[in-house]
Amino acid sequence: MTTQTTSTKSLISATDWFAGGQRVAYDPTNHLMLSETAAEGVAPLFVFERVAGAPDAATDSRWLTLMPGFPDGSYGYAAIDEALGAELTPRLFIEYVGQGDSDKPRDYPYSTFERADLVEALWGAHAVCHTLVVAFDFSSLVVLELLARQEERLRQGEPLTTRIESVFIVNGGLFADAHSHPWQSTPLLKTSFGAMGMRFAQRSPALFTRIMRTAEMFSADYGVSLAELREEYAVITRRDGAAFVHLGAGFVDEHKANAERWDLARLYHALSSTVAFCIAGSVEDPYEPKQIEAARERLGAEGLAIRAFPGGHMTTSEHPEIFAAAISELADEWRARV
């Protein structure tokens, strides 16, 4: 079913989004997806994935991989998936441990590294040989880690099971010294006070709505509707998931601890001859406005493709058609190079 927001945009429900995918077994120790038979005797985690279209031998297993934002996970791509329609398939929507319909263990080493491990495991399970990766929000760090692994393997002469051939990073961290998250967002969420607030928000839609509005994730002009916030609540609190908003909020600190490894300039210089890079930032994004400015200063003269989107941080919700059109354009360029 769909409902209407005050802006007349169709709203895909969380129930419908998750009904279109499946939960699959994952062994986080060995970084492998498991069949039902192989899962016997193992205590796997179950993670949500959603696949649009089927691989075609003629495409040489070329996939579009969409990596999610924080905190609403793969559901953030719901309107973009609808805008893409039957084009650009197969496409794989990733859901990290802790988000959406994936398991949410409390005693788990949540990190960029474990998210990258999961992505590689899903690529292996689907025999993804070549991919264009779209990374929104904190998935920027995941794709930077995956690119760092690709660079290492190429340098060491190792074969690539999956080759990233094009990346599109939107509203994410690119340089460790350019983060500027508002105090009421991840800086607060990672504290004990933030943990307590999310425990209360798990049980209180009203408190959750207040937190989301205070976080300024949407632009003032957009006027996010109560119906949209209800669906965000359904997504983020699914399977007792509000705790992840606290447990997963340390990714900025993690970037600073791995500043050189996840530096966009280093990876661009190492890989731009074989990987097409494009980044985008929303003009009213209060979370990462300095990242695009730094990218222009450090790499703009070297040919890095940089785009500007209207609106606030949640461009996935505010301008899904523009986001989808940009993905389609980059995919056309990617496939034309083949």
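The structure under discussion appears in the preceding block.
These notes cover the structure that comes with them.

The next point concerns the overall build of the protein chain. Along the protein chain, the regular secondary structure elements total 14 helices and 11 strands. Viewed in the frame of its principal axes, the protein chain has a C-alpha envelope of about 55 × 55 × 40 Å. Expressed as a percentage of the 338 residues in the protein chain, the buried residues total 58%. A sequence separation of at least 24 residues applies to 79% of the contacts in the protein chain between residues at least 6 apart. If you average the places of the 29 positive and of the 46 negative side-chain charges in the protein chain, the two averages end up 3 Å apart.

Once that is clear, we can look at the packing of helix H3 (residues 112–125) against helix H4 (residues 139–155). H4 packs onto H3 with a crossing angle of 70° between their chain directions and a minimal axis gap of 9 Å. Put simply, H3 runs roughly perpendicular to H4. Between H3 and H4 lies a crossing of right-handed hand. Residues Thr112, Phe113, Arg115, Ala116, Asp117, Val119, Glu120 and Trp123 of H3 form the contact with H4, whose own contacting residues are Leu141, Val142, Glu145, Leu146, Arg149 and Arg153. Taken together, the residues of the contact of H3 with H4 sort by class into 7 nonpolar, 1 polar and 6 charged.

Time to look at helix H14 (residues 320–337). Every α-helical turn comprises 3.6 residues, leaving residues that sit three or four positions apart pointing alike. The terminal C-alpha atoms of H14 lie 26 Å apart, and with 18 residues this matches the ideal 26 Å at 1.5 Å per residue to within 8%. Those residues of H14 not exposed but buried are Pro320, Phe323, Ala324, Ala326, Ile327, Leu330, Ala331 and Trp334. Along H14, the residues classed as buried sweep out an arc of 160° about the axis, all on the same side. Residues of H14 that are exposed and point over 90 degrees away from its buried face: Glu321, Asp332 and Ala336.

Across the sheet, 9 strands lie side by side as S4-S3-S5-S7-S6-S8-S9-S10-S11; this open sheet has mixed pairing. Of all strands in the sheet, those with a lone pairing partner are strand S4 (32–34) and strand S11 (305–309), marking the two edges. In this sheet, adjacent strand axes meet at a mean angle of 30° when their direction is disregarded. On top of the sheet, H4 reaches strand S6 (62–67), strand S8 (130–136), strand S9 (163–170) and strand S10 (276–282); it is set at about 155° to S9, its chief contact.

Right, let's talk about empty space enclosed by the protein for a bit. Taken as a whole, this structure holds 4 cavities of 30 Å³ or more when the rule is applied. Taken together, 18 residues form the lining of the largest cavity, with Phe70, Pro71, Leu189, Met217 and Tyr287 sitting closest to its centre. Looking at the lining of the largest cavity, the elements that each hand over two or more residues are helix H5 (186–189) and helix H7 (205–214). A total of 3 residues in the lining of the largest cavity trace back to one element, the largest contributor, which is H7. Across the lining of the largest cavity, the residue classes break down as 12 nonpolar, 5 polar and 1 charged.

Okay, the pairing of strand S7 (residues 91–94) next. Side-chain alternation along S7 places Arg91 and Phe93 on one buried face and Leu92 and Ile94 on a second face that is also buried. Relative to S7, strand S5 (residues 45–52) is paired through 4 bridges, and the arrangement is antiparallel. Each residue of the ladder has a partner; that of Val51, found in S7, is Leu92. One ladder, built from 3 bridges, connects S6 with S7; its direction is parallel.

About the cut-offs
Residues numbered from 1 in each chain as written. Predicted model: local features only at pLDDT ≥ 70, side-chain atom pairs only at ≥ 80, totals over all residues. Heavy atoms only, no water. Helix = DSSP H or I, 4+ residues; strand = E, 2+ residues; numbered from the N terminus. Buried < 20%, exposed > 50% of the residue type's maximum accessible area, 1.4 Å probe, protein only. Contact = heavy atoms within 4.5 Å. Lys, Arg positive; Asp, Glu negative; His and termini not counted. Charge placed at Lys NZ, Arg CZ, Asp CG, Glu CD. Axes fitted to C-alpha atoms, helices over the stretch in contact; angles between N-to-C directions. Parallel < 35°, antiparallel > 145°, perpendicular 65-115°, else oblique. Left-handed = near helix turned anticlockwise from the far one by under 90°. Nonpolar A, V, L, I, M, F, W, Y, C, P; charged D, E, K, R; others polar. Expected span 1.5 Å × (residues − 1). Arc of directions from axis to C-beta. Pairing = 2+ DSSP bridges. 1 Å grid on protein atoms, 1.4 Å probe; cavity = no way out; pocket = protein on both sides within 12 Å on 5 of 7 lines; lining within 4 Å. Points joined across faces, edges and corners; volume = space filled by probe spheres on them.

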